[in-house]
Amino acid sequence: MSGQRYRERIYRHYVAAHRDGALVVDAASLAPRSAYLQDLIARHFPADRSAAIIDLGCGHGALLREAADAGYRNLRGVDTSPQQVAMAARLGIAGVAQGDLGEALAALAGGSQAAVVSFDVIEHFTKDETVDFVDQVLRVLQPGGRWIIHVPNGESPFGGRSRFGDFTHEQAFTRGSLSQLLLASGFATVACYEDVPIAHGAASRLRALLWRPIRLALRLYLAVETGDSGRDAIFSQNLLAVAVK
């Protein structure tokens, strides 16, 4: 999108300037996210393995790698960060290009994509930029196509950790505000989901088990304060949304 100096500076050094350094240094570094990404693909990707899918803000391409392993054959990824694109190349992940996300989206033909993925992307945009991006995604999706979105969740008690964890973040969302934007822009349906722990080992099984009483306690807090049962509330620091054209 349109560049301010702070964006250019941070994105140029997006990996090196991370507080914990490079989180992905080799193929083994991708393993901790594999179970989550595999679950996302199984639940929300189109059934057709030949469907055209573009991942905007794909980073080093972890989702593209998992999708390819699941049999998807028509995959593309674009990321602004040269360092992340270079890492994708070192990892042997095909189809990842460096470029401006808005320009990449504008270059796509209308109705050409079965799915668009934007993982940790639109929180980097101003509100006006977000509206423009939403309109372009809607344009390139096929009828019935889906936009898979992952964003900081302002409804979470710890939502500030995601919202303010990156200097280039401009905003956070809630299930209400994101649904409001997408429905007002022409999407037919929007479903939002918690980023719950996916059990794939002893530690993650324990986390998944403990999430239930923690969520119940947060619902109780909400009910005491507001009278809302919190049944549909999303308490994870990030949320996943799937919008269908």
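Shown above is the structure to which this text applies.
Calculation rules
Residues numbered from 1 in each chain as written. Predicted model: local features only at pLDDT ≥ 70, side-chain atom pairs only at ≥ 80, totals over all residues. Heavy atoms only, no water. Helix = DSSP H or I, 4+ residues; strand = E, 2+ residues; numbered from the N terminus. Rg over C-alpha atoms; globule rule 2.2 N^0.38 Å. Buried < 20%, exposed > 50% of the residue type's maximum accessible area, 1.4 Å probe, protein only. Polar contact = N/O pair within 3.5 Å; in protein donor to acceptor, adjacent residues only side chain to side chain. Contact = heavy atoms within 4.5 Å. Core = buried A, V, L, I, M, F, W, Y, C linked by side-chain atoms within 4.5 Å. Axes fitted to C-alpha atoms, helices over the stretch in contact; angles between N-to-C directions. Parallel < 35°, antiparallel > 145°, perpendicular 65-115°, else oblique. Left-handed = near helix turned anticlockwise from the far one by under 90°. Phe/Tyr/Trp six-rings, centres within 6.5 Å; stacked < 30°, edge-to-face > 60°. Right-handed = clockwise from strand over helix to strand, strands pointing away. 1 Å grid on protein atoms, 1.4 Å probe; cavity = no way out; pocket = protein on both sides within 12 Å on 5 of 7 lines; lining within 4 Å. Points joined across faces, edges and corners; volume = space filled by probe spheres on them. Nonpolar A, V, L, I, M, F, W, Y, C, P; charged D, E, K, R; others polar. Pairing = 2+ DSSP bridges.

A. Expanded view of the overall build of the protein. Looking only at helices and strands, the protein has nine helices and seven strands in total. In terms of C-alpha radius of gyration, the protein reaches 18 Å, essentially the compact-globule figure of 18 Å for 245 residues. Taken along its principal axes, the extent of the C-alpha atoms in the protein is 50 × 40 × 40 Å. Taking all 245 residues of the protein together, 45% fall into the buried category.

B. Here's a closer look at the side chain of His150. Positionally, His150 belongs in strand β5 (residues 141–152). A polar side-chain atom of His150 sits 2.5 Å from a polar atom in the side chain of Asp195. Every residue in contact with His150, bar those within four places of it in the chain, is listed here: Tyr36, Ser118, Phe119, Asp120, Val121, Glu123, Asp195, Asn238, Leu239 and Leu240.

C. Here's a closer look at the nonpolar core. Within the largest apolar cluster, 29 residues are counted, with the highest numbers of intra-cluster contacts made by Ile122, Phe133, Trp147 and Phe187. Here the element with the most residues in this core is helix α6 (residues 127–140); it accounts for five residues. Setting aside residues up to four positions removed in sequence, Ile122 forms contacts with Thr130, Phe133, Trp147, Ile149, Val151, Gln171, Phe173 and Leu178. Leu30, Val85, Met87 and Ile93 belong to the second-largest nonpolar core, a separate cluster that totals 26 residues.

D. Spatial organisation of the packing of helix α2 (residues 31–44) against helix α3 (residues 62–69). It is at 10 Å that the axes of α2 and α3 come closest, and there the two elements cross at 60°. With respect to α3, the axis of α2 lies oblique. Like other packed secondary-structure pairs, α2 and α3 cross with a definite hand, here right-handed. When α2 is examined against α3, the residues Arg33, Ser34, Leu37, Gln38, Leu40 and Ile41 are found in contact with a partner set consisting of Ala62, Leu63, Glu66 and Ala67.

E. Molecular detail of the packing of aromatic side chains. Taken as a whole and assessed by the stated rule, the structure comprises six aromatic pairs. Look at Phe45 and Tyr72: their rings are 5.3 Å apart centre to centre, the planes differ by 75°, and that puts the pair in the edge-to-face class. Placement of the pair is Phe45 in the loop between α2 and β1 (53–56) and Tyr72 in the loop between α3 and β2 (75–79), with a sequence separation of 27 residues. Note on accessibility: Phe45 and Tyr72 belong to one class, buried. Grouped by ring-pair contacts, the aromatic residues Phe125, Phe133, Trp147 and Phe187 constitute a single cluster.

F. Highlighting the environment of Phe173. Note that Phe173 resides in the loop between α7 (159–163) and α8 (175–184). The buried category is assigned to Phe173, whose relative accessible area is 5%. Sequence separation between Phe173 and Tyr6 is 167 residues, and the spatial gap between their C-alpha atoms is 22 Å. Ignoring any residue separated from it by four or fewer positions in sequence, one finds Phe173 in contact with Ile122, Glu123, Thr130, Val151, Pro152, Asn153, Gly154, Glu155, Leu178 and Leu239.

G. Representation of the side chain of Gln171 in the model. With respect to the element layout, Gln171 can be found in the loop between α7 and α8. A residue is classified by how much of its surface remains accessible, and Gln171, at 10% relative accessible area, is buried. A polar contact of 2.8 Å, which involves the side chain of Gln171, links it to the side chain of Thr130. Not counting residues up to four positions away in its chain, the partners in contact with Gln171 are Ile122, Glu123, Phe125, Thr126, Lys127, Thr130, Pro152 and Arg163.

H. The pairing of strand β4 (residues 113–119), seen in detail. Taken across its seven residues, β4 has seven buried, putting it largely inside the fold. Handedness of the crossover is the feature at issue here: the chain leaves β4, passes through α6, returns alongside β5, and the resulting connection is right-handed.

I. Looking closely at the layout of surface pockets. There is about 250 Å³ of room inside the second largest pocket. Every residue along the wall of the second largest pocket is listed here: Tyr36, Asp39, Leu40, Arg43, His44, Tyr193, Glu194, Asp195, Val196, Pro197, Ile198 and Leu240. Only α2 and β6 (189–194) provide two or more residues apiece to the lining of the second largest pocket. The element best represented in the lining of the second largest pocket is α2, accounting for five residues. Residues of the lining of the second largest pocket, tallied by class, amount to seven nonpolar, one polar and four charged.

J. Broad picture of the sheet that holds strand β7 (residues 238–244). Pairing in this open sheet of seven strands is mixed, and the strands run β3-β2-β1-β4-β5-β7-β6 from one edge to the other. Among the strands making up the open sheet, the edge pair consists of β3 (96–98) and β6. Ignoring strand direction, the axes of neighbouring strands in this sheet form an average angle of 15°. Strand direction decides the pairing type here: β2 and β3, joined by three bridges, are parallel. In the sheet register, Val78 faces β3, and the bridge partner there is Ala97. Contacts from helix α4 (residues 82–90) reach β2 and β3 within the one sheet, and its direction differs from that of β3 by about 155°.

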